[in-house]
Amino acid sequence: TLDIPAPSLASEAALIYEKLRGSQEAQVSVHGVNWEAQTFTPGANHSVNRIGLKTRRYGSPGTLTVSIRATTDGLPSGADLTSGTFDTGVLINEGVDYWIWISVTSYALTAGTIYAIVVRATDGDVDNYCQWRCDQTSPPYTGGARCYSPDSGGSWTEDTTVDYMFEEGVA
């Protein structure tokens, strides 16, 4: 007889719904009042409790806050629907790319609705910042685009020439 073990999920396994992995030839800095976002459009109704970002740190930017917000006309709007934080001090090597996963309070997303993953490091500055890795040559994610705010989310601009590396799903 052939003994085949039953499948199981490891403690770090996740069900990923929307994502962009792959080419990341560029990056944009996140610090202080300079916030960044990636809009995305779920293809199915689901809950999210985990967000992944490809990032690197320089200096000591402090805590990275990652949230999901609703959008108006394709731009982040309103308060955070869910959020979580990440201590950038655990990224041991400066200037090295890391995929980080941020736990957020579970939130139900609706298929076909545009949401924004908003990233900020409010304690950072021009010498202490995170960089979110992105594709700016031929952005392949068709369900959204980069958005940026130079004033802590007070106003937003869409940049359809850039897509950030991200994942969203359930851990």
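The coordinates are above.
Here's what I pulled together on the structure shown here.

Reading the values: the criteria
- Once a new chain begins, its residue numbering starts again from 1 and follows that chain's sequence as written.
- Thresholds applied to this predicted model are a pLDDT of at least 70 for local features of residues and 80 or more for the giving and counting of side-chain atom pairs; totals over whole chains, interfaces and linings are not thresholded and use all residues.
- As a rule here, side-chain values come from all non-hydrogen atoms in the structure, and water together with hydrogens is ignored.
- Under the scheme used here, helices are H or I runs from DSSP no shorter than 4 residues and strands are E runs no shorter than 2 residues, and both carry numbers assigned from the N terminus.
- For the radius of gyration, the atom set is restricted to C-alpha positions; the globular benchmark scales as 2.2 Å times the number of residues to the power 0.38.
- Classification of residues uses two cut-offs on accessible area relative to the type maximum, computed with a 1.4 Å probe and protein chains only: under 20% is buried, over 50% is exposed, and between them is partly exposed.
- What makes two residues a contact is simply this: any of their non-hydrogen atoms within 4.5 Å.
- Only the protein chains shown count as cover for residues, and all accessible areas are computed by the Shrake-Rupley method using a 1.4 Å probe.
- Here the positive residues are Lys and Arg and the negative ones are Asp and Glu; neither His nor the chain ends is included.
- Lys charges are placed at NZ, Arg charges at CZ, Asp charges at CG and Glu charges at CD.
- Any two of the Phe, Tyr and Trp rings considered here, Trp counted by its six-membered ring, make a pair once their centres fall within 6.5 Å; the pair's planes then place it as stacked at under 30 degrees, edge-to-face at over 60, or tilted in between.
- Any Lys NZ or Arg CZ found within 6 Å of a ring centre and within 35 degrees of that ring's normal is scored as a charge over the ring.

## Side note on the overall build of the chain
Link 1 in the chain: A tally of helices and strands in the chain yields zero helices and 13 strands.
Link 2 in the chain: Scanning the chain from its N terminus toward the C terminus, one meets helices and strands in the order β-β-β-β-β-β-β-β-β-β-β-β-β.
Link 3 in the chain: A compact globule built from 171 residues should have a C-alpha radius of gyration of about 16 Å, and the chain, at 16 Å, falls within 12% of that.
Link 4 in the chain: Based on the C-alpha atoms only, the size of the chain along its principal axes is roughly 65 × 40 × 30 Å.
Link 5 in the chain: In the chain, which comprises 171 residues, the share counted as buried stands at 44%.
Link 6 in the chain: Long-range contacts, defined as pairs at least 24 residues apart, comprise 81% of the intrachain contacts of the chain with a sequence gap of at least 6.
Link 7 in the chain: Carbon and sulfur atoms form 50% of the exposed surface of the chain, whose accessible area is close to 8,200 Å².
Link 8 in the chain: A gap of 4 Å separates the mean positions of the 10 positive and 20 negative side-chain charges of the chain.

## Description of the packing of aromatic side chains
Link 1 in the chain: What the rule picks out here adds up to six aromatic pairs.
Link 2 in the chain: Centroid distance tryptophan 99 to tryptophan 101: 6.1 Å. Interplanar angle 25°. Geometry classified as stacked.
Link 3 in the chain: A connected cluster of aromatic rings, assembled from ring pairs, spans Phe40, Tyr115, Tyr141 and Phe166.
Link 4 in the chain: A cation over an aromatic ring shows up here: arginine 120 above the ring of tryptophan 35, its NZ or CZ 4.7 Å from the ring centre.

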